[in-house]
Amino acid sequence: MTERPLPLDGIRVVEMTHTIMGPSCGVALADLGADVIKIEPAPAGDHTRRLPGFASGFFTLFNRNKRSLAVDLKTPEGREVVNRLLAGADVLLENFGPGTADRLGMGWEDARRVNPRLVYCALKGFLSGPYENRPALDEIVQFMSGIAYMTGPPGRPLRAGASIIDILGGAYGAIAILAALRERDRTGEGQFVKSALFESGAFLMGSHMAGHAITGEKIPPMPARRGAWAVYDPFNAKDGEQVFVGITSNGHWHRFCDQFADEDPRLASLRDDPALQSNEDRVAARPRLVALVGDVIARLDRAQATARLEQAEIPFAPVVTTEDLFDDPQLNANGYLMPVRLPSGATTKLPKLPVEMDSHDLGLRLEAPTLGEHSRAVLAELGYAAEAIADLEARRIIVGPAA
């Protein structure tokens, strides 16, 4: 049977981005089948390739299924290469600092003159407004949007443990691009779209804002919140591991009591206690119930506790580390973790795009590219003769694949 083309097959994306926000937008489009050509600055390439520590995995994760064209945009010849590429492209992504794209001659007005059908997506710190020319980073926006305030205990704001604002901003950029492409189907014209970190963070905070507007109460950080459920906490198991348990309905409470009555005889009578028959009743008894559930979980190893919670159909989660995810049974089912090559040449498993689409395999087609791995091929597609490509490479206007 002939494999169906991926949803974005035939869409060409020119990506001039770095770090996470822009590349996460690009990798979503690439995984969905777009031909994403990553423009890297020659001669050094995307600085993300060289980041240490917790950032060392950025490039590998967010640049799979893309082709690398390394070109010096500060030269007329380099800009000509990109303009020829834009003339036949569908989408341009850029997350330069404020004003940089215009200085390079790659701003929206420049690009639309080259290709009126182009969807131009700017991925920035802020949407239009008084902050729009400020530089911004994920962590800065976590603090200024209230995410850090909500994450840490009172007086100790903490960033979330992943770059959630960068990735969400990239995802909203991809949504805007797909909407603009759909509109282009009707009008024949491209358009400028923009996604931003700060407004993405504010969107995440929207439910808290609505809660304040409804109750009139100051919203406390999550560790100090007034819970909506009696039991919604991590508990220590006998082996030193932890399990999060969420008892959020009458059914959960009854099934917890039935499942663990052998561990604590009090549960048999508490199951049908008239004072505990609604969620509101149990919230009022929260300190007593949290202590009771804690006593039960502490008598079991984590594996024993999670097995019994799953059997009782009670929401639970083992509290895991990054390293635990490599062996997660769910992620390893159906290839949700796919083998990829690391810069060292070793292999590991990393997550696919977290969606399913009928019979499409949204997996790995291209490893994260080496610097300039596809420069010669892309220029040849643009009609450059071999001698012209060699000349540009000799003058370091482009960087070709390593020998």
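Residues numbered from 1 in each chain as written. Predicted model: local features only at pLDDT ≥ 70, side-chain atom pairs only at ≥ 80, totals over all residues. Heavy atoms only, no water.

By the naming in an unreviewed UniProt entry, the chain goes by Crotonobetainyl-CoA:carnitine CoA-transferase CaiB-like acyl-CoA transferase and is assigned to Stella humosa.

(A) Quick peek at the overall build of the chain. The secondary structure content of the chain amounts to 18 helices and 12 strands. Along the three orthogonal principal directions, the C-alpha set of the chain runs to about 85 × 50 × 40 Å. Out of the 403 residues in the chain, the part that is buried amounts to 43%. A total of about 20,300 Å² of accessible surface is found on the chain, and carbon and sulfur atoms cover 57% of it. Within the chain, the 52 negative side-chain charges are centred at a point lying 4 Å from the centre of the 43 positive side-chain charges. (Helix = DSSP H or I, 4+ residues; strand = E, 2+ residues; numbered from the N terminus. Buried < 20%, exposed > 50% of the residue type's maximum accessible area, 1.4 Å probe, protein only. Areas by Shrake-Rupley, 256 points an atom, 1.4 Å probe, with all protein chains shown as cover. Lys, Arg positive; Asp, Glu negative; His and termini not counted. Charge placed at Lys NZ, Arg CZ, Asp CG, Glu CD.)

(B) Summary view of the environment of alanine 298. Inspection of the secondary structure puts alanine 298 in helix α14 (residues 286-298). Considered as a pair, alanine 298 and glycine 22 are 276 residues apart in the sequence and their alpha carbons are 45 Å apart. Setting aside anything within four residues of it in sequence, one finds alanine 298 in contact with Asn236, Ala237 and Lys238. (Contact = heavy atoms within 4.5 Å.)

(C) Broad picture of the pairing of strand β10 (residues 337-341). As paired strands, β10 and strand β11 (residues 347-351) are joined by five bridges and run antiparallel to one another. Residue pairing in the sheet places arginine 341 in a bridge with threonine 347 of β11. Hairpin connection, β10 to β11: the antiparallel pair is bridged by five residues, and glycine 345 has positive phi, about 100 degrees. (Pairing = 2+ DSSP bridges.)

(D) Spotlight on the packing of helix α11 (residues 250-260) against helix α15 (residues 302-311). Two elements in contact, α11 and α15, have axes separated by 10 Å at closest approach and are oriented at 130 degrees. Of the possible angle classes, the one that applies to α11 and α15 is oblique. Between α11 and α15 lies a crossing of right-handed hand. Residues Phe256, Gln259 and Phe260 of α11 form the contact with α15, whose own contacting residues are Ala305, Arg308, Leu309 and Gln311. Here the contact of α11 with α15 is built from residues that sort into four nonpolar, two polar and one charged. (Axes fitted to C-alpha atoms, helices over the stretch in contact; angles between N-to-C directions. Parallel < 35°, antiparallel > 145°, perpendicular 65-115°, else oblique. Left-handed = near helix turned anticlockwise from the far one by under 90°. Nonpolar A, V, L, I, M, F, W, Y, C, P; charged D, E, K, R; others polar.)

(E) View of the state of the cysteines. Under the criterion given, the structure shown has zero disulfides. Here cysteine 121 stays free of any disulfide, with the sulfur of cysteine 25 as its closest cysteine sulfur at 5.0 Å. For cysteine 121, a relative accessible area of 0% gives the class buried. (Disulfide = S-S within 2.5 Å.)

(F) Focus on the sheet that holds strand β4 (residues 91-94). Taken in spatial order, the seven strands line up as β6-β5-β4-β1-β2-β3-β12 in an open sheet, and their pairing is mixed. For this open sheet the edge positions go to β6 (191-196) and β12 (398-399), each flanked by a neighbour on one side alone. Examined bridge by bridge, strand β1 (residues 12-16) and strand β2 (residues 35-41) share four bridges and lie parallel to one another. Across the sheet, residue glutamate 15 finds its bridge partner in β2, namely lysine 38. Sitting on the sheet, helix α8 (residues 164-187) is in contact with β4, β5 (119-124) and β6, with an inclination near 160 degrees to β6.

(G) View of the pattern of salt bridges. Under the definition given, this model contains 29 salt bridges. One salt bridge in this structure joins aspartate 358 and arginine 4, with 3.3 Å as the shortest N-O distance. Here the residue aspartate 358 occupies a position in the loop between β11 and α17 (375-381), and arginine 4 occupies one in the segment before β1, the gap between them amounting to 354 residues. Its relative accessible area of 74% is what places aspartate 358 among the exposed residues. Of the charged contacts, one joins aspartate 264 and arginine 266 as a salt bridge, the two residues approaching to 2.6 Å between their closest N and O atoms. Given a relative accessible area of 42%, arginine 266 falls into the partly exposed group. (Salt bridge = Lys/Arg side-chain N within 4 Å of Asp/Glu carboxyl O.)

(H) Up close: the packing of aromatic side chains. Applying the stated criterion to the full structure yields 11 aromatic pairs. Ring centres of tryptophan 108 and phenylalanine 192 lie 6.1 Å apart, and the angle between their planes is 50 degrees; this geometry places the pair in the tilted category. One end of the pair, tryptophan 108, is in helix α5 (residues 108-114); the other, phenylalanine 192, is in strand β6, with 84 residues separating them in the sequence. On the basis of relative accessibility, which here comes to 16%, the residue tryptophan 108 falls in the buried class. According to the relative accessible area criterion, phenylalanine 192 is partly exposed, its value standing at 37%. (Phe/Tyr/Trp six-rings, centres within 6.5 Å; stacked < 30°, edge-to-face > 60°.)

(I) View of the nonpolar core. By size, the foremost hydrophobic cluster in this structure holds 32 residues, and its most contacted members are Val13, Leu29, Val91, Leu93 and Ile177. Within the residue set of this core, elements represented by two or more residues are α1 (21-31), β4, β5, α7 (147-151), α8 and α9 (197-204). If near-sequence neighbours (up to four positions away) are discounted, leucine 93 is found in contact with Val13, Val14, Glu15, Met16, Thr17, Gly22, Cys25, Gly26, Leu29, Cys121, Leu123 and Ile177. Leu69, Val82, Leu85 and Ile397 belong to the second-largest nonpolar core, a separate cluster that totals 30 residues. (Core = buried A, V, L, I, M, F, W, Y, C linked by side-chain atoms within 4.5 Å.)

(J) Structural context of the side chain of threonine 17. Mapping threonine 17 onto the fold places it in the loop between β1 and α1. A distance of 2.7 Å separates the side chain of threonine 17 from the side chain of glutamate 15, its partner in a polar contact. Sequence-distant contacts of threonine 17, defined by excluding residues within four places in its chain, comprise Gly22, Pro23, Lys38, Asp46, Leu93, Glu94 and Asn95. (Polar contact = N/O pair within 3.5 Å; in protein donor to acceptor, adjacent residues only side chain to side chain.)

(K) Region of interest: the pairing of β4. Side chains of β4 alternate between two faces, with Val91 and Leu93 and Leu92 and Glu94 buried alike. Of the pairings in the sheet, the one linking β1 to β4 comprises four bridges and is parallel in character. The residue of β4 that forms the bridge with glutamate 15 is leucine 93. Bridging between β4 and β5 involves four bridges; their strand directions are parallel. In the sheet register, glutamate 94 faces β5, and the bridge partner there is alanine 122.

(L) Molecular detail of the environment of glycine 201. Take glycine 201: it is sitting in helix α9. Residues glycine 201 and alanine 55, 146 residues apart in the sequence, show an inter-C-alpha distance of 21 Å. Discounting residues that sit within four places of it in the chain, glycine 201 has contacts with Ser145, Ile147 and Ile165.

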